[in-house]
Amino acid sequence: MRVGVGLPAAVPGAGPEQILGWARRAEAAGFSSLAALDRVVYANHEPLLTLAAAAAVTERIALATHVLLGATREPALLAKQAATLHALSGGRFTLGLGVGVRPADYTATGTAFAGRGRRLEDVVDALRRTWASAGPAGTIGPVSPDGRPGLVLGGRSPRALDRAARLGDGWVAGSTGFFAEGAAVVREAWRRHGRDGEPRLLAVGYVALGADGPAQAQRYLPEYYGVTAEAATSLASTALTTTRAVRETVCRLVGEGCEELVLYPCGADPDQVGLLADALR
């Protein structure tokens, strides 16, 4: 199983030095990918632009969104943005899409929160059509020699799991604790829909190592997800804050058939990359 890292693009106070330093260190340490989260009504860096900046300072490491709020985006422009990032990075980009749970993100983009799942399916259909027809003059490009971007879908509802198997190249689990259950549903739906091969199965989680790790998780996660009191404590406890927790999670997900685990930081210090690399040795 591969292990990637999320960029600290949503961590308050993270700037170019931290984000791009994180990208360089992650590639040097041998991590499989760099990923970015998406929100609109929040002081995070926009994920596609952040990954474009990371692509410019790296050469080999894969790039991904886990996940972009696809139902808030205009499909033709999103298709062009994703294809451009894929082409300029040398075929390194996977577009992960989901619907999100915050009405404010939809209000801000002038899109409807109700029916966002159906809207996401329409966006995915449009992306696939656009990428398939790109090339001749008058169509939406560019075209990468490495083909179109990868496409994985997130979510844990029955409809979201079926959508990932029916329309995507695979599924990304938004919670490592739900991975085994969701992966089984996606595999079954993949076969039922007559898809060839096997679905990509990915998981994401949070990491906060070092002496200040638990405190970082307690500060960042409740604020990012907008929870308080007992919910805040519960959410912060999901972060991996010890070497043992990292290794146990990796071993469990290997046994459950996970292809790649991406761990997002709770702090912006690029030294976290080295701590995580050491934990995985």
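Going by the structure above, here's the rest.
What you are looking at is a predicted structure, and each value in this text was computed from that prediction instead of being measured.

Explain the pairing of strand β1 (residues 2-6) to me, please; I cannot follow it from the model alone.
Each regular strand displays side chains that alternate between the two surfaces of the sheet. Most of β1 is tucked away: 4 of the 5 residues are buried. Taken together, the 4 bridges between β1 and strand β9 (residues 260-265) define a ladder with parallel strand orientation. Across the sheet, the residue bridging to Arg2 is Glu260, located in β9. The pairing of β1 with strand β2 (residues 33-36) spans 2 bridges and is parallel. When the bridges of β2 are listed, Val5 appears paired with Leu34.

Where do I start with the environment of Leu63 in this structure?
For Leu63, the position within the fold is in strand β3 (residues 62-65). Accessibility expressed as a relative area gives 1% for Leu63, which makes it buried. Separated by 31 residues in sequence, Leu63 and Ser32 have C-alpha atoms that sit 8.8 Å apart. Aside from chain neighbours lying at most four places away, what touches Leu63 is Leu34, Leu51, Ala55, Leu85, Ser89, Arg92, Phe93 and Thr94.

Before we go on, may I ask you to explain the state of the cysteines in this structure?
Here a disulfide denotes a covalent bond joining the sulfur atom of one cysteine to the sulfur atom of another. Applying the stated criterion across every chain, the model contains 0 disulfides. In this model Cys266 remains outside any disulfide bridge; the closest cysteine sulfur is found in Cys258, 19 Å from its own.

How should unusual backbone geometry be read in this particular structure?
Glycine aside, residues mostly have negative phi, and peptide bonds are mostly found in the trans state. Between His66 and the following residue, Val67, the backbone shows a cis peptide bond with an omega angle of 0°. Tracing the sequence through the fold places Val67 in the loop between β3 and β4 (68-69). Here Gly141 and Pro142 are connected by a cis peptide whose omega angle stands at 10°. Among the secondary structure elements, Pro142 is positioned in the loop between α5 (116-133) and β6 (150-154).

Sorry if this is basic, but what is going on with the packing of aromatic side chains here?
Geometry of an aromatic ring pair is reported as the spacing of the ring centres plus the angle between the planes. In total, this model carries 9 aromatic pairs according to the counting rule given. Measuring from centroid to centroid gives 5.9 Å for Trp171 and Phe179, while their planes differ by 25°, and the two rings are stacked. Of the two residues examined, Trp171 and Phe179, each falls in the buried class. Ring geometry for Tyr206 against Tyr225: centres 6.1 Å apart, planes inclined by 90°, an arrangement best described as edge-to-face. Taken together, the positions of Tyr206 in strand β8 (residues 200-207) and Tyr225 in helix α8 (residues 213-225) put the pair 19 residues apart, joining distant regions of the chain. Taking relative accessible area as the criterion, Tyr206 reaches 10% and is therefore assigned buried. Taken together, the aromatic side chains of Tyr42, Tyr206, Tyr220, Tyr224, Tyr225 and Tyr264 make up a single cluster linked through ring pairs.

Can you help me understand the pattern of salt bridges in this one?
According to the stated counting rule, one finds 18 salt bridges in the structure shown. Between Arg60 and Glu59 there is a salt bridge; the shortest N-O distance is 3.9 Å. One exposure class covers both Arg60 and Glu59, and it is exposed. A salt bridge links Glu256 to Arg252; its shortest N-O distance comes to 3.4 Å. For Arg252, a relative accessible area of 32% gives the class partly exposed. Residues joined in a network through salt bridges with shared partners are Glu121, Arg159, Asp162, Arg163, Arg166, Glu188 and Arg192.

Help me understand α8, please; the structure alone is not making it clear to me.
An α-helical turn contains 3.6 residues, so a residue and the one three or four places further along point in the same direction. Taking 1.5 Å per residue as the helical rise, α8 with its 13 residues ought to reach 18 Å, and the 18 Å between its terminal C-alpha atoms agrees with that figure. Within α8 the residues assigned to the buried category are Gly213, Gln216, Ala217, Tyr220, Leu221, Pro222 and Tyr224. Looking at the buried positions of α8, the neighbouring elements they touch are β8, α9 (229-236), β9 and α11 (271-279). Of the residues one or two after α8, Gly226 is the one with positive phi, at around 70°.

Would you take a moment to explain the packing of helix α3 (residues 75-88) against α5 for this structure?
In a packed pair of helices, the relevant descriptors are the angle between the two axes and the axis-to-axis distance. Look at α3 against α5: their axes get within 9 Å of each other, and the N-to-C directions meet at 55°. When the axes of α3 and α5 are compared, the pair comes out oblique. For the pair α3 and α5, the crossing hand works out as right-handed. Each of Pro75, Leu78, Ala79, Ala82 and Ala83 in α3 lies in contact with α5, whose residues at this interface are Arg119, Val123, Ala126, Leu127, Thr130 and Trp131.

Looking at this structure, how should I read helix α10 (residues 243-255)?
Along its 13 residues, α10 runs 19 Å from first to last C-alpha, staying within 8% of the 18 Å computed at 1.5 Å per residue. Those residues of α10 that sit buried are Val246, Thr249, Val250 and Leu253. Projected down its long axis, α10 shows its buried positions confined to an angular sector of 100°, all on one face. Summarising the geometry of α10, the exposed residues directed more than 90 degrees from the buried face are Arg244, Cys251 and Gly255. Its buried side turned inward, α10 meets β1, α7 (179-192), β8, β9 and α11. Gly257 sits one or two residues past α10 and shows a positive phi near 85°.

Analysis parameters
Residues numbered from 1 in each chain as written. Predicted model: local features only at pLDDT ≥ 70, side-chain atom pairs only at ≥ 80, totals over all residues. Heavy atoms only, no water. Buried < 20%, exposed > 50% of the residue type's maximum accessible area, 1.4 Å probe, protein only. Helix = DSSP H or I, 4+ residues; strand = E, 2+ residues; numbered from the N terminus. Pairing = 2+ DSSP bridges. Contact = heavy atoms within 4.5 Å. Disulfide = S-S within 2.5 Å. Phe/Tyr/Trp six-rings, centres within 6.5 Å; stacked < 30°, edge-to-face > 60°. Salt bridge = Lys/Arg side-chain N within 4 Å of Asp/Glu carboxyl O. Expected span 1.5 Å × (residues − 1). Axes fitted to C-alpha atoms, helices over the stretch in contact; angles between N-to-C directions. Parallel < 35°, antiparallel > 145°, perpendicular 65-115°, else oblique. Left-handed = near helix turned anticlockwise from the far one by under 90°. Arc of directions from axis to C-beta.

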